[in-house]
Amino acid sequence: MANNITYKDFNDEKNYTAMASEVMAIRARGDVPLACIRTYGCQQNVADSEKIKGMLSDMGFDFTEKAEDADFILFNTCAVREHAEDRVFGNVGALKNIKRKHPSVLIGLCGCMMEQQHVTDRLYKSFPFVGLVFGTHSLHRFPELFYNAVTVGKRVYETGVDDKTVYEGIPTRRDGTFKGWLPIMYGCNNFCTYCIVPYTRGRERSRKFEDVVNEARDMIRAGYKDITLLGQNVNSYGKNFEEKVTFAQLLEEIDKIEGDYWIRFMTSHPKDCSKELIDVIANSKHISSHLHLPFQSGNDRVLKAMNRSYNREKYLDIVNYAKEKIPDLSLTSDIIVGFPGETYDEFLDTLSLVKEVGFSSLFTFIYSPREGTPAAKMDDPYSHEEKTKWFAELLKTQEEISAKHCAAMVDKVYKVLVDGKSDKDGILTARTSGNIIVEFPGDESLVGQFANVKITKARHWILNGELV
Ligand code: 5AD
Ligand code: SF4
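What you see is a predicted model; the values in this text were computed from it and never measured. (Residues numbered from 1 in each chain as written. Chains lettered and ligands numbered in written order. Predicted model: local features only at pLDDT ≥ 70, side-chain atom pairs only at ≥ 80, totals over all residues. Heavy atoms only, no water.)

## Quick word on the overall build of the protein chain
At step 1: Per the secondary structure count, the protein chain includes 15 helices and 21 strands.
At step 2: In summary, the protein chain has a C-alpha radius of gyration of 23 Å against a globular reference of 23 Å for 468 residues, a match within 12%.
At step 3: With the principal axes as the frame, the protein chain shows a C-alpha extent of 60 × 55 × 50 Å.
At step 4: Relative to its 468 residues, the protein chain shows a buried fraction of 54%. (Helix = DSSP H or I, 4+ residues; strand = E, 2+ residues; numbered from the N terminus. Rg over C-alpha atoms; globule rule 2.2 N^0.38 Å. Buried < 20%, exposed > 50% of the residue type's maximum accessible area, 1.4 Å probe, protein only.)

Here you go:
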């Protein structure tokens, strides 16, 4: 398997980066070329955007939040739910005026939506001012595609070319200085019947063990204190290697790195979340006591129709084991309400699982049909209004649970990482290892540092505290 090709192999030979940099030095409206990158969707997209920013930095670009000021505007899109797609189409439409006013601006689109043929067909027909389109598999070729788009006078479309390879060495310009994302694998093999991701991000492939450990070490040395390992299903890390390694072994190795830092990871799939993994977390020094373990539905028939490959009992088994082994464990989950054919009684099974487990917070979604997935062809007899009612019931239930969860933390002392200043004067915001938000009075110099805070009050899902 070709698993060790570097980005440099693609871009050094012709040095598209240097050529693009020369072109942009002339084409830029200001002293330096400016790029405006908007990212939609999940953390994997955020991590991809950080790579695009790294490549653009090497071309001499600076960055702006204002699309009107930019020489290059790029939307990194998400296809997981219809709402995200609609927003992208709306926002791209609004860029037409900028292009009219500044014809030299290059407008580009990338990310998951660009790996769907019906989307790129629509873009090609209806949005002729979009000059560059590339999918998730073409990230490593960005300098070449960008160079072509600014020199060839034709629209550049590069999608649907999954060569099943991991490209190392793409420069990264991280948004944060103490919190950072670290992709460990790409793609997904699970084909949950509602989900578009396996079609837009291709088959699972893992980065090499040493590459991940070395990058984690570099980040820790550079001062990162909260690192999230990313993958659609981190529990199947290493399954494509000839010599098997497990995600638990990867965590164990990273945990050996000296320093004061936390490691998080997402997303775990319950079907292969092993007890070995829970033991590693329980015995580790740096792995946060937070487990994001999406169960999607609490009903076995629905889980089967979703192709999730576990049932309620197996989910509870692993969750109860984790609760027993990891003190102060914070559990979170993703849930879909209104999967095609889900009845109210089946939804009640989701609600009862939510109550039984006691999650600290939830990411909840109403089912959104995605063209090309099996679920989109299933009978969907319940109305959106009905599903919205169930959804509200779920939110209300979880609100009460989150509040109880937070109330139980009052009077205890927690180590927190200070995120930044809140909008209230002199108040800092921070997160516990379990990812719960804490606000407390403190000096700005603490931002980016760990501190010990005693919780004084719980306000729903936010805590108040004081430094100890
Ligand atoms: N409709 C609603 N929610 C979805 N998710 C994925 N696909 C869909 C869909 N078609 C949710 C799942 C997943 C999270 C990232 O997004 O809960 O875990
Ligand atoms: Fe989608 Fe399922 Fe893969 Fe998650 S595990 S990305 S929900 S197919």
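What follows continues from the structure just given.
## Points about the packing of aromatic side chains
At step 1: Under the definition given, this model contains 24 aromatic pairs.
At step 2: Here the aromatic rings of Y16 and Y147 are separated by 5.9 Å at their centres, their planes lie at 50°, and the arrangement is tilted. Note that Y16 is positioned in helix α2 (residues 16-27) and Y147 in helix α7 (residues 142-151), a separation of 131 residues in sequence. An identical accessibility class is assigned to Y16 and Y147; each is buried.
At step 3: Here the aromatic rings of Y344 and W390 are separated by 5.7 Å at their centres, their planes lie at 55°, and the arrangement is tilted. Highlighted residues: Y344 in helix α14 (residues 344-357) and W390 in helix α15 (residues 384-407), separated in sequence by 46 residues. (Phe/Tyr/Trp six-rings, centres within 6.5 Å; stacked < 30°, edge-to-face > 60°.)

## Quick word on the site of ligand 1
At step 1: Taken together, V80, R81, Y194, Q296, D334, I336, F365, I366, Y367, S368 and R370 are the residues near ligand 1.
At step 2: Within the side chain of Q296, an N or O atom sits 2.6 Å from an oxygen atom of ligand 1.
At step 3: Considering ligand 1 on its own, with 400 Å² of exposed area, one finds that the protein chains cover 85% of that surface.
At step 4: When residues of the shell around ligand 1 are traced back to their parent elements, those giving at least two are β15 (330-337) and β16 (361-366).
At step 5: Looking at side-chain class alone, the shell around ligand 1 contains 6 nonpolar, 2 polar and 3 charged residues. (Near = heavy atom within 4 Å. Polar contact = N/O pair within 3.5 Å; in protein donor to acceptor, adjacent residues only side chain to side chain. Areas by Shrake-Rupley, 256 points an atom, 1.4 Å probe, with all protein chains shown as cover. Nonpolar A, V, L, I, M, F, W, Y, C, P; charged D, E, K, R; others polar.)

## Digging into the sheet that holds strand β19 (residues 437-441)
At step 1: Reading around the circumference, β17-β18-β19-β21-β20 is the order of the 5 strands in this closed barrel, with mixed pairing throughout. Mean inter-strand twist for the sheet, computed between neighbouring axes without regard to direction, equals 50°.
At step 2: Alignment of strand β20 (residues 450-459) against strand β21 (residues 462-467), held across 6 bridges, turns out to be antiparallel. Of the residues in β21, the one forming a bridge with K457 is N464. (Pairing = 2+ DSSP bridges. Axes fitted to C-alpha atoms, helices over the stretch in contact; angles between N-to-C directions.)

## Concerning the site of ligand 2
At step 1: The immediate surroundings of ligand 2 are formed by C188, N190, F191, C192, Y194, C195, V197, P198, Q232, H269 and R308.
At step 2: Tallied by class, the residues present in the shell around ligand 2 amount to 7 nonpolar, 3 polar and 1 charged.

## Looking at the environment of A407
At step 1: Note on placement: A407 falls in helix α15.
At step 2: The exposure class of A407 is partly exposed, given its relative accessible area of 43%.
At step 3: A407 sits 347 residues away from G60 along the chain, and the two C-alpha atoms are 50 Å apart.

## Some words on the environment of G420
At step 1: Relative to the elements of secondary structure, G420 occurs in strand β17 (residues 413-421).
At step 2: The class for G420 is buried, based on a relative accessible area of 13%.
At step 3: The spacing of G420 and E371 is 49 residues in sequence and 40 Å in space, taken between C-alpha atoms.
At step 4: Excluding residues that lie within four positions of it along the chain, G420 makes contacts with L428, T429 and V447. (Contact = heavy atoms within 4.5 Å.)

## Observations regarding the pairing of β19
At step 1: Bridge count for strand β18 (residues 427-432) against β19 is 5 bridges, and the pairing is antiparallel. Paired with I427 across the two strands is P441, which belongs to β19.
At step 2: The loop that links β18 with its antiparallel partner β19 comprises 4 residues; one of these, N435, has a positive phi angle of about 75°.

## Examining the sheet that holds strand β7 (residues 156-158)
At step 1: Spatially, 6 strands are ordered β3-β2-β4-β5-β6-β7 in an open sheet, and the strand pairing comes out parallel. Only two strands of the sheet have a single neighbouring strand rather than two, namely β3 (62-63) and β7.
At step 2: In terms of strand pairing, strand β5 (residues 106-111) meets strand β6 (residues 132-134) through 3 bridges, oriented parallel. Note on β6: the bridge partner recorded for L109 is V133.
At step 3: Packed on one face of the sheet, helix α6 (residues 117-126) meets β5, β6 and β7 and runs near 175° to β7.

## Section: helix α13 (residues 312-325)
At step 1: With 14 residues, α13 extends 20 Å between its outermost C-alpha atoms, agreeing within 8% with the 20 Å of an ideal straight helix rising 1.5 Å per residue.
At step 2: Along its buried surface, α13 packs onto α11 (275-283), β14 (290-292), α12 (300-305), β15 and α14. (Expected span 1.5 Å × (residues − 1).)

## Comments concerning the layout of surface pockets
At step 1: Approximately 480 Å³ is the volume attributed to the second largest pocket.
At step 2: Taken together, 26 residues form the lining of the second largest pocket, with S289, P327, D328, S433 and G434 sitting closest to its centre.
At step 3: Of the residues belonging to the lining of the second largest pocket, the class tally is 12 nonpolar, 9 polar and 5 charged. (1 Å grid on protein atoms, 1.4 Å probe; cavity = no way out; pocket = protein on both sides within 12 Å on 5 of 7 lines; lining within 4 Å. Points joined across faces, edges and corners; volume = space filled by probe spheres on them.)

## A closer look at the pattern of salt bridges
At step 1: For the structure shown, the criterion picks out 24 salt bridges.
At step 2: Salt-bridge contacts for D272 lead to K239; the nearest nitrogen and oxygen are separated by 3.0 Å. Here K239 lies in the loop between β12 (226-230) and α10 (247-255) and D272 lies in the loop between β13 (262-266) and α11, a separation of 33 residues in the sequence.
At step 3: For D272, a relative accessible area of 17% gives the class buried.
At step 4: Of the charged contacts, one joins R431 and D419 as a salt bridge, the two residues approaching to 3.6 Å between their closest N and O atoms. Note that R431 is positioned in strand β18 and D419 in strand β17, a separation of 12 residues in sequence.
At step 5: The partly exposed category is assigned to R431, whose relative accessible area is 24%.
At step 6: Residue classification places D419 among the partly exposed residues on the basis of a relative accessible area of 24%.
At step 7: Several salt bridges share partner residues, and in doing so they unite E168, R174, R207 and E215 into one network. (Salt bridge = Lys/Arg side-chain N within 4 Å of Asp/Glu carboxyl O.)

Function cannot be inferred from these measures alone, as they are strictly geometric.
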